[in-house]
Amino acid sequence: MAGGTFVGGARSATGTLQDIEPKTAFERFVSWAGIPPVMIWGFIGTLLFMIGDGVESGYLSPYLVSLGFQEHDVAGLFTIYGLTAAISAWASGALSDMWGSRKVMLVGLAIWILFQIGFLGFALPSKSWALITLFYGLRGFGYPLFAFGFLVWVVSTAPVQKLGSAVGWFWFCFTAGLPTLGTTIAGVLLPIIGGYSTLWVALSFVIFGGGLALLGMQRVPRVETGNKGAIKTLFMSLAIGWQRPKVGIGCIVRAINTSAEFGFLVFMPLYFTHTLGFTMGQWLAVLQAIFISNIFFNLFLGIISDKLSWRYTVLIMGGVGSTLSTMALYFAPTLLGPDHLFIVMIAGAFYGMTLAGYVPLSALMPYLAPENKAAAMSLLNLGAGASVWIGPAIVYIFEPAFGVFGVMVVYSIIYCISAILTYFLKLDPEVEAHLHATRASAKGLAH
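The rules behind each value
Residues numbered from 1 in each chain as written. Predicted model: local features only at pLDDT ≥ 70, side-chain atom pairs only at ≥ 80, totals over all residues. Heavy atoms only, no water. Helix = DSSP H or I, 4+ residues; strand = E, 2+ residues; numbered from the N terminus. Buried < 20%, exposed > 50% of the residue type's maximum accessible area, 1.4 Å probe, protein only. Contact = heavy atoms within 4.5 Å. Areas by Shrake-Rupley, 256 points an atom, 1.4 Å probe, with all protein chains shown as cover. pLDDT = per-residue confidence, 0-100. Patch = residues over 30% accessible without salt bridge, like charges linked within 9 Å, V, L, I, M, F, W, Y side chains within 5 Å. Salt bridge = Lys/Arg side-chain N within 4 Å of Asp/Glu carboxyl O. Expected span 1.5 Å × (residues − 1). Bend = angle between axes of the 7 residues up to and from the residue. Phe/Tyr/Trp six-rings, centres within 6.5 Å; stacked < 30°, edge-to-face > 60°. Lys NZ or Arg CZ within 6 Å of the ring centre and 35° of its normal. Axes fitted to C-alpha atoms, helices over the stretch in contact; angles between N-to-C directions. Parallel < 35°, antiparallel > 145°, perpendicular 65-115°, else oblique. Core = buried A, V, L, I, M, F, W, Y, C linked by side-chain atoms within 4.5 Å. Left-handed = near helix turned anticlockwise from the far one by under 90°. Nonpolar A, V, L, I, M, F, W, Y, C, P; charged D, E, K, R; others polar.

The name an unreviewed UniProt entry assigns to the protein is MFS transporter, from the organism Asaia siamensis.

A. Representation of the overall build of the protein within the structure. Along its length, the protein carries 17 helices and 2 strands. A burial count over the protein gives 61% of its 447 residues as buried. Of all intrachain contacts in the protein linking residues separated by at least 6 positions in sequence, the fraction that spans at least 24 positions is 84%. Carbon and sulfur atoms provide 72% of the accessible area of the protein, an area that totals close to 16,800 Å².

B. Representation of the confidence of the model for the protein in the model. Averaged over every residue, the pLDDT of the protein is 86; the share at 70 or more is 90%. Predicted confidence is poor over residues 1-19, with pLDDT under 50, and the contacts of this stretch with residues over four places away or in other chains come to 55 contacts.

C. Just a nonpolar patch on the surface, in detail. On the surface, Phe331, Leu335, Leu336, Phe342, Ile343, Ile346 and Phe405 cluster together into a nonpolar patch covering about 700 Å² of accessible area. Following the sequence through the fold, Leu336 ends up in helix α13 (residues 310-336). Given a relative accessible area of 33%, Leu336 falls into the partly exposed group.

D. The arrangement of helix α4 (residues 71-99) in detail. With 29 residues, α4 ought to run about 42 Å at 1.5 Å a step, and its terminal C-alpha atoms sit 40 Å apart, in line with that. Of all the bends in α4, the greatest, near 35°, is centred on Ser92. The buried fraction of α4 is high, at 22 of 29 residues.

E. Structural context of the pattern of salt bridges. Going through the model one piece at a time under the given rule, you end up with 3 salt bridges. Ionic pairing is found between Arg244 and Asp428, a salt bridge with its closest N-O pair at 2.9 Å. Highlighted residues: Arg244 in the loop between α9 (230-243) and α10 (245-257) and Asp428 in the loop between α16 (373-422) and α17 (429-446), separated in sequence by 184 residues. Of the residues examined, Arg244 reaches a relative accessible area of 23% and is grouped as partly exposed. Sharing partners across several salt bridges, the network here consists of Asp53, Glu56 and Arg139.

F. Spotlight on the packing of aromatic side chains. A complete count under the given rule lists 37 aromatic pairs for this structure. An angle of 40° between the planes, with centres 5.9 Å apart, marks the rings of Phe170 and Phe174 as tilted. Of this pair, Phe170 and Phe174 both sit in helix α8 (residues 163-215), 4 residues apart, roughly one helical turn. Across the pair, exposure class does not vary: Phe170 and Phe174 are buried alike. Where Phe172 meets Phe296, the ring centres are 5.9 Å apart and the plane angle is 75°; that geometry is what we call edge-to-face. Here the residue Phe172 occupies a position in helix α8, and Phe296 occupies one in helix α12 (residues 280-307), the gap between them amounting to 124 residues. The class of Phe172 is buried, set by a relative accessible area of 17%. When the ring centre of Tyr423 is taken as origin, the NZ or CZ atom of Arg311, which lies over that ring, is 5.7 Å away.

G. Broad picture of unusual backbone geometry. Even without glycine at this site, Lys127 takes up a positive phi of about 55°. Relative to the elements of secondary structure, Lys127 occurs in the loop between α5 (101-126) and α6 (129-139).

H. Expanded view of the packing of α4 against α5. Packing of α4 against α5 brings their axes to within 7 Å, and their N-to-C directions diverge by 125°. One finds that α4 runs oblique with respect to α5. Counting all contacts with α4, which are made through Ser92, Leu95, Ser96 and Trp99, the residues of α5 involved are Ser101, Lys103, Val104 and Val107.

I. Just the nonpolar core, in detail. Formed by 133 residues in total, the largest nonpolar core has its most connected members in Tyr143, Met408 and Tyr411. Those residues in contact with Tyr143 that lie beyond four places of it in its chain are Phe49, Met50, Asp53, Tyr81, Ala85, Trp112, Phe148, Phe174, Phe262 and Val388. Grouped together as the second largest cluster of nonpolar side chains are 8 residues, Trp90, Ala91, Leu95 and Met98 included.

J. The environment of Cys173, seen in detail. Within the secondary structure, Cys173 is located in helix α8. Cys173 sits in the buried class, given a relative accessible area of 6%. It is 9.9 Å that separates the C-alpha atoms of Cys173 and Ala147, two residues lying 26 residues apart in sequence. Residues within four places of Cys173 in sequence aside, it is in contact with Phe43, Leu47 and Met50.

K. Structural context of the packing of helix α7 (residues 142-157) against α8. At a minimum axis separation of 8 Å, α7 and α8 run at an interaxial angle of 160°. Taken together, α7 and α8 sit at an angle that is classed as roughly antiparallel. In this structure, the crossing between α7 and α8 has a hand that is right-handed. Counted together, Tyr143, Phe146, Ala147, Phe148, Phe150, Leu151, Val154 and Val155 of α7 and Leu163, Ala166, Val167, Phe170, Trp171, Phe174, Gly210 and Ala213 of α8 form the full contact between these two elements. A class-by-class count of the residues in the contact of α7 with α8 yields 15 nonpolar, 1 polar and no charged.

L. How the structure looks around the side chain of Ser322. You can see Ser322 is positioned in helix α13. With a relative accessible area of 0%, Ser322 lands in the buried category. Not counting residues within four places of it along the chain, the set of residues in contact with Ser322 comprises Met317, Thr354, Leu355, Tyr358 and Tyr415.

M. Quick peek at the environment of Gly211. Take Gly211: it is sitting in helix α8. Residue classification places Gly211 among the partly exposed residues on the basis of a relative accessible area of 22%. Sequence spacing of Gly211 and Phe49 is 162 residues, and the spatial spacing of their C-alpha atoms is 9.0 Å.

Next up, the structure:
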């Protein structure tokens, strides 16, 4: 995709789309904020889609346990879901290069809707674990194709001097939905209509948000697709990992980034409510604190990284910060309990802030392999998808023998490893010089 040309839009010398001239005060504001105005409905639609995807995140695990299924089996189900999401995330960049991001998003939306209907209409009513595993596992292919297909589109179109801001807005929308606003909606609906009906409401958000994103970006210039075969395109995205080892390292860092987040959703609801004595409402308040903090720092650190350093933002705020905040999130509730909810929420907000430190990795990765940005983004998305199963897999492997404390220590250790790995993600000198020149040129034009 990086080497293609745009139909209906102009490319700059850096290979990114120049903003179509804003026509209204709103579009000028959106452009100033770092979003290409023609993509604004894509961001809003993605936010609504991820709200629907995130509704279940705070309660699905205990809900399935309440139906009579074993906690260990539920952790295994989440691991299977993560595996399908990882495959889908890996494919999203390569398929975007081959089909175009719009078609990839459409396929992801269709998969999510189809298998969610199967999950709700057949699997849950029958209480068949085989059907639950089948439909929920296959649904895992849906959201990465939609969301990461859109991320590839953003990276391909945003001007380089605003790339950190643009990907910050993407992650703002992503995490505002999954699970911040999603869990907020769940908290409101669960006491009124129950867990099962709430999942149907989630489906309506996905349908509306997905449709809005796809229909609302008709003015976005289409990227010419590549002419390589499907298998060759996909495996080229793996080959870049050893052809450009830094891209492979970036994939590992991205996998570590949100692994604990997805692991928390498996065991934290039960740990807080069954072991520590928090109510479900108190647990959801902590979860909301994590992601309210995260969505705003996604945006803030994305903007700051454009002015300072993509790499050092990931290393210090992401790797080092998350190493510390993970243990804070364990010790605060364990030692203080539900009577000190506000302090526990602060610990959650600290974790959310440090999790946002990894946002600039989405801007950094394409420039670690500037001659093949699509493959680099595929590997980045593979890491994102891998985190969905690595996190629950750590719970599955370590919790039976070492308990919750052991799981949290493992998460903290791998965050520390990610900080060390990020140190080596240095751009080639000529790429660094090119980016500096582009930013300086854009700054000069702005004045």
